[in-house]
Amino acid sequence: MKRIDGRKPEDMRDLEVEAGVLENATGSARVRMGRTIAVAGVYGPREMFPRRLQNAEKATLQLRYTMAPFSTDERVRPGRSRRGQEISLVAGKALDAAVFLDEFPKASIDVFVDIVQADAGTRTAAINAASVALADAGVPMKDIVCSVAVGKIDGTYVVDLAGKEEDASDCDLPIAYMPNQNKITLLQMDGNISREDLKNLLELAKKACEKINVAQKAALKKRWLK
Amino acid sequence: MRVQDEFVTKLAAQGKRADGRKLDEVRKIEIDMKPIEKAEGCAMVTLGKTKVIAGVKLSVGEPFSDKPDEGVLMTGAEFSPIASPDFEPGPPRIDSIETARVVDRGIRESGAIDMKKLCIKKGEKVWMVFVDINILDNFGNLIDASALAAAAALNNAVFPALDKEGNVDVYGPKTKTKLPVKYSPIACTFHKVGGKLLLDPTRDEENAAIARLTVTTRDDGNLCAMQKGGDEGIATEDVNNASEISVRTGKEIRKLLK
């Protein structure tokens, strides 16, 4: 089976990871998965405001996911959307598990991810960029979180859905994964698949995540090992 | 860690729960199908002590440009301050948005509603289905209670009558024509407490949990929506176990809708 962009079913899109792309942010990263581009900036750990929201036991990781108005064919209305808020929540939670939050009581770690171009898989690109940005900021972590979406088109399992594939697929199943911990930190699915499909897709996604992990580490090494 | 958290965590680790349920046992479910006459479809679900009411309203509107021949589905959830000391008035909080979106995806992705049958005139006029969920009493597991109430409300929803211009006759009678609903998506939510997966958690169990997973299943035993929540990661075998229990439990709960 050939895919719209000529990839084999188990092939990921062309992946580019770069660490340290912003000057102001404590840590930053840019990830391109095919035509989807995410830029992540991390500020902190810093004092959390308003103070009443501080957690005396650990830091609070807050992620804000935004799509640029020009990132899609149809202009995205700027401002808060329900979709954006939900993605911010689940992507933030996907990183929570990897960060040693209890080392910074009362602090906030603010992760901002801007999607500058969207061509499916924006939440996975956002998580990939955000976890590299966190590591780039020197935030202590158990693992680098990597993320990819898998699906099933015409009975074939496919990795890293792009563009129109998302509509053609029986399901869209993004996961975030910590390879060293062997734990899934984000899992969403919509579509129509059997339990057997789910099992197979999870294994496929984990394998792809491990490849992304290699690229993420390489980007960090490139920036910091001179 | 609070005392209650420690208590339920210790119990769960021994395979027990505070209310004596098995780990994969759902609380008692009651569905009242006709509490609100003004709504096109309605259901009140009592899940243990958790109480949720879902109402369906229909109106005529414009379709989305990328789906000109399909109806529109909108799902909202209101965490009213009457339902819990933790709920405050104000704009929707992130957990109510998440609940609404998980319920919405279950309905949408299961193909529960035949959206093409909601087209009145292609590209111009379609039926818009509004599913609104109000929480009345929160004793845990709002996602499953909301999803069940929504499914039940859609199941008994009927079309309102139209006036001469083709708009909904708001004060007029309802027709006997049922909304084209084919399936009943059933959500099953698990919380990971004390290393175990607890189905249909109470509030104490939710507070003690480190991770959450919702699996929504269709009538044919396939999966149509999933959502992980909570701070910690979960193992692959937990996901596979949860999907197995959800298919089995979904079948049982679906019988209550018939």
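In this text the structure is predicted, and so the values were computed from the model without any measurement.

Undergrad: Could you give me a rundown of the overall build of chain A, with the residues and numbers involved?
TA: Counting its regular elements, chain A contains four helices and nine strands. The linear arrangement of helices and strands in chain A, starting from the amino end, is β-β-β-β-α-β-α-β-β-α-β-β-α. Compactness check: chain A gives a C-alpha radius of gyration of 17 Å against a globular reference of 17 Å for 226 residues, within 12% of the reference. When the 226 residues of chain A are sorted by exposure, 56% land in the buried category. In chain A, once contacts between residues fewer than 6 apart in sequence are set aside, the share between residues at least 24 apart is 67%. Taken as a whole, chain A presents about 10,300 Å² of accessible surface, with 48% of it coming from carbon and sulfur. Positive and negative side-chain charges in chain A, numbering 35 and 32 respectively, have mean positions lying 3 Å apart.

Undergrad: Describe the overall build of chain B, listing the residues and the values that go with them.
TA: The number of helices and strands found in chain B is five helices and twelve strands. For chain B, whose C-alpha radius of gyration is 19 Å, the value lies close to the compact-globule estimate of 18 Å for 258 residues. Its C-alpha atoms give chain B principal-axis dimensions of about 65 × 35 × 30 Å. When each of the 258 residues of chain B is scored for burial, the buried share is 56%. Put simply, 67% of the contacts in chain B that link residues at least 6 apart link residues at least 24 apart.

Undergrad: Talk me through the packing of helix α1 (residues 82–96) of chain A against helix α2 (residues 122–136) of chain A; I want residue IDs and the actual numbers.
TA: Residues and elements named next belong to chain A. Two numbers describe how α1 lies on α2: the axes approach to 10 Å, and their chain directions differ by 45°. On the basis of their axis angle, the class for α1 and α2 is oblique. By crossing handedness, the relation of α1 to α2 is classed as right-handed. Contacts between α1 and α2 pair R83, I87, A91, A94 and L95 from the former with T122, R123, I127, A130, S131 and L134 from the latter. When its residues are assigned to classes, the contact of α1 with α2 shows seven nonpolar, two polar and two charged.

Undergrad: Describe the sheet that holds strand β7 (residues 156–159) of chain A, with residues and values.
TA: The strands making up a sheet associate through backbone hydrogen bonding, with each pair oriented either parallel or antiparallel. Strand order in this open sheet of eight strands is β7(A)-β6(A)-β8(A)-β9(A)-β12(B)-β11(B)-β9(B)-β10(B), and the pairing throughout is antiparallel. With one partner strand each, in any of the chains shown, β7 of chain A together with β10 (196–199) of chain B form the two edges of the open sheet. Put simply, the sheet's adjacent strands are angled 20° from each other on average, direction ignored. As paired elements, strand β9 (residues 183–193) of chain A and strand β12 (residues 223–229) of chain B share four bridges and run antiparallel to each other. Bridge assignment links M189(A) to a residue of β12(B), and that residue is M226(B). Packed on one face of the sheet, α1(A) meets β8 (171–178) and β9 of chain A together with β12 of chain B and runs near 140° to β9(A). Relative to strand β6 (residues 146–153) of chain A, helix α4 (residues 195–224) of chain A is tilted by about 140°, and along the sheet it contacts β6, β7, β8 and β9 of chain A together with β12 of chain B.

Undergrad: For the interface of chain A and chain B, give the residues involved together with the corresponding values.
TA: Facing the 30 residues of chain A at the interface are 31 residues of chain B. Of the roughly 2,800 Å² buried between chain A and chain B on both sides combined, carbon and sulfur atoms contribute 51%. Applying the counting criterion to the chain A and chain B interface returns five salt bridges. Between R101(B) and E86(A) there is a salt bridge whose closest N-O contact spans 2.4 Å. Those elements giving two or more residues to the side of chain A that touches chain B turn out to be α1, β9 and α4 of chain A. When residues of the side of chain A that touches chain B are assigned to their parent elements, the largest contribution, eleven residues, is made by β9(A).

Undergrad: Just give me the short version of the pattern of salt bridges, but keep the residues and values in it.
TA: Think of it this way: side chains of opposite charge can pair up when their charged atoms draw near. The tally for this structure, following the rule as stated, stands at 40 salt bridges over all chains. Several salt bridges converge on common partners, so that one network encompasses R17(B), D19(B), R21(B), R27(B), D200(B) and E205(B).

Undergrad: I'd like a description of the sheet that holds strand β4 (residues 60–67) of chain A, backed by residues and values.
TA: Residue and element names in this part refer to chain A. In space, the five strands of this open sheet follow the order β1-β2-β3-β5-β4, with mixed pairing throughout. In this open sheet, the two edge strands, each paired with only one partner strand, are β1 (15–19) and β4. Ignoring which end each strand starts from, the neighbouring axes of this sheet average 15° apart. Pairing between β4 and strand β5 (residues 107–117): eight bridges, direction parallel. In the sheet register, Y65 faces β5, and the bridge partner there is V113. Packing of α2 onto the sheet brings it into contact with β1, β2 (27–33), β3 (36–47), β4 and β5, and relative to β2 it is tilted by some 150°. Against the sheet, α4 engages β1 and β2, with an angle of about 35° to β1.

Undergrad: Can you tell me about the environment of M226(B), naming the residues and giving the values?
TA: Following the sequence through the fold, M226(B) ends up in strand β12. Through-space distance from the C-alpha of M226(B) to that of S243(B) is 9.3 Å; in sequence the pair is 17 residues apart.

Undergrad: Got a sec to walk through the side chain of S108(A)? Specific residues and values, please.
TA: Residues and elements named next belong to chain A. Along the chain, S108 turns up in strand β5. A distance of 3.2 Å separates the side chain of S108 from the side chain of D110, its partner in a polar contact. Excluding its chain neighbours within four sequence positions, the residues that come into contact with S108 are Y43, G44, P45, R46, E47, M48, T60 and Q62.

Undergrad: I'd love a proper account of the packing of α1(A) against helix α2 (residues 94–110) of chain B, names of residues and values included.
TA: Orientation of α1(A) relative to α2(B), taken along the N-to-C sense of each, is 105°, at an axis distance of 10 Å. One way to sum up the angle between α1(A) and α2(B) is to call them roughly perpendicular. Contact with α1(A), carried on its side by R82(A), R83(A), Q85(A), E86(A), L89(A) and V90(A), involves I94(B), I97(B), E98(B), A100(B), R101(B) and R105(B) of α2(B) and no other residues of that element.

Undergrad: Give me the lowdown on the confidence of the model for chain A, citing residues and values where you can.
TA: Looking at chain A, the pLDDT average stands at 95 and 100% of residues meet or exceed 70. Confidence scores differ between elements of chain A, with helix α3 (residues 165–168) of chain A showing the lowest mean pLDDT of 89 and α2(A) the highest of 98.

Undergrad: I'd like a rundown of the nonpolar core, residues and numbers included.
TA: Counting residues in each nonpolar core, the largest one holds 82 residues, and the members touching the most others are I109(A), V111(A), V113(A), L134(A), L173(A), I175(A) and V239(B). Top element by residues in this core is α4(A). It accounts for ten residues. Ignoring any residue separated from it by four or fewer positions in sequence, one finds L134(A) in contact with V42(A), L61(A), L95(A), V99(A), I109(A), V111(A), V139(A) and M141(A).

Calculation notes
Residues numbered from 1 in each chain as written. Chains lettered and ligands numbered in written order. Predicted model: local features only at pLDDT ≥ 70, side-chain atom pairs only at ≥ 80, totals over all residues. Heavy atoms only, no water. Helix = DSSP H or I, 4+ residues; strand = E, 2+ residues; numbered from the N terminus. Rg over C-alpha atoms; globule rule 2.2 N^0.38 Å. Buried < 20%, exposed > 50% of the residue type's maximum accessible area, 1.4 Å probe, protein only. Contact = heavy atoms within 4.5 Å. Areas by Shrake-Rupley, 256 points an atom, 1.4 Å probe, with all protein chains shown as cover. Lys, Arg positive; Asp, Glu negative; His and termini not counted. Charge placed at Lys NZ, Arg CZ, Asp CG, Glu CD. Axes fitted to C-alpha atoms, helices over the stretch in contact; angles between N-to-C directions. Parallel < 35°, antiparallel > 145°, perpendicular 65-115°, else oblique. Left-handed = near helix turned anticlockwise from the far one by under 90°. Nonpolar A, V, L, I, M, F, W, Y, C, P; charged D, E, K, R; others polar. Pairing = 2+ DSSP bridges. Buried area = accessible area lost by both parts, 1.4 Å probe. Salt bridge = Lys/Arg side-chain N within 4 Å of Asp/Glu carboxyl O. Polar contact = N/O pair within 3.5 Å; in protein donor to acceptor, adjacent residues only side chain to side chain. pLDDT = per-residue confidence, 0-100. Core = buried A, V, L, I, M, F, W, Y, C linked by side-chain atoms within 4.5 Å.

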